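A look at the structure
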Amino acid sequence: MENRNKPKHSSIIITILLFIAYLCLFLLISFTNTKTACDRFSYINNPFFTSSFKGVLTSLQMLVCITFASMRHKSARVLAHLLPAFTILASVMHMIKNNNRDVVPGLTTMCVCLIAVIIIHNQITRREKEALTDYLTGLNNRRSISAQLSKMAHGSKPFGVLYIDLDDFKSVNDNYES
């Protein structure tokens, strides 16, 4: 029983660490947009350095979001959608407040990231559904039924199972398979 819980705990830890990494990247990008950063660090005034630095950080943010989107935990998948949306909102607010268009490349990258996360989420959802249903009938397959029975067996509500065996169904399946 301990081995089954271990991957769950490690993926929660990975989710937390990735979330912290994302926030650090966000704060670092936000800091480079401040006047304090420009005053303290002369190389931030170099437009080539600043845009390259922000581009790398934004790409790392995108990588974190795509990693979240591909994880099995629902909380990670939710974060995959929320973090780019939050970053887009913060970037737009910064652009409007400061009349600063320097955030447009990062804003564009985060929009692409959000679209990629949505595509990944849809693909994973579709594949998970395909893995749990019969292609021909669309009914739950053995894996799905086993998972549901296991879940119900660990629950407190009583339940019953009706099992029907159809003889020679393979020939029907073979004739109507597309």
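Our subject is the structure that appears above.
To start, this report covers the structure provided alongside it.

Rules used throughout
- Residues numbered from 1 in each chain as written.
- Predicted model: local features only at pLDDT ≥ 70, side-chain atom pairs only at ≥ 80, totals over all residues.
- Heavy atoms only, no water.
- 1 Å grid on protein atoms, 1.4 Å probe; cavity = no way out; pocket = protein on both sides within 12 Å on 5 of 7 lines; lining within 4 Å.
- Points joined across faces, edges and corners; volume = space filled by probe spheres on them.
- Helix = DSSP H or I, 4+ residues; strand = E, 2+ residues; numbered from the N terminus.
- Nonpolar A, V, L, I, M, F, W, Y, C, P; charged D, E, K, R; others polar.
- Expected span 1.5 Å × (residues − 1).
- Polar contact = N/O pair within 3.5 Å; in protein donor to acceptor, adjacent residues only side chain to side chain.
- Axes fitted to C-alpha atoms, helices over the stretch in contact; angles between N-to-C directions.
- Parallel < 35°, antiparallel > 145°, perpendicular 65-115°, else oblique.
- Left-handed = near helix turned anticlockwise from the far one by under 90°.
- Contact = heavy atoms within 4.5 Å.

**Re the layout of surface pockets**
The probe, sized like a water molecule, is rolled over the atoms to show the empty space still left. Looking at the largest pocket, its volume works out to about 850 Å³. Of all elements in the fold, only α6 (142-153) and α7 (169-176) reach the threshold of two or more residues within the lining of the largest pocket. Its volume calculated, the second largest pocket comes out at about 590 Å³. Considering the residues around the second largest pocket, the lining is formed by 27 residues, among which Ile-29, Asn-33, Lys-54, Asp-102 and Val-103 are closest to the centre. Among the secondary structure elements, those contributing two or more residues to the lining of the second largest pocket are α1 (2-32), α3 (47-70), α4 (74-98) and α5 (104-132). Element by element, the count of residues in the lining of the second largest pocket is highest for α3, at seven residues. Of the residues that constitute the lining of the second largest pocket, the class distribution is 10 nonpolar, 15 polar and two charged.

**Digging into α6**
An α-helical turn contains 3.6 residues, so any two residues separated by three or four positions project in the same direction. Here α6 contains 12 residues, and its C-alpha end-to-end distance of 16 Å stays within 8% of the 16 Å for a straight helix at 1.5 Å per residue. N-capping of α6 is provided by Asn-141, with a side-chain oxygen placed 3.2 Å from the backbone N of Arg-143.

**Points about the packing of α3 against α5**
Relative to each other, α3 and α5 sit at 15 degrees, their axes nearing to 9 Å. Classified by the interaxial angle, the pair formed by α3 and α5 is roughly parallel. In the crossing of α3 with α5, the sense of the turn from one axis to the other is right-handed. Every residue of α5 that contacts α3 at Thr-58, Gln-61, Met-62, Cys-65, Ile-66, Ala-69 and Ser-70 is listed here: Gly-106, Thr-109, Met-110, Val-112, Cys-113, Ala-116, Val-117, Ile-120 and Ile-124. Here the contact of α3 with α5 is built from residues that sort into 11 nonpolar, five polar and no charged.

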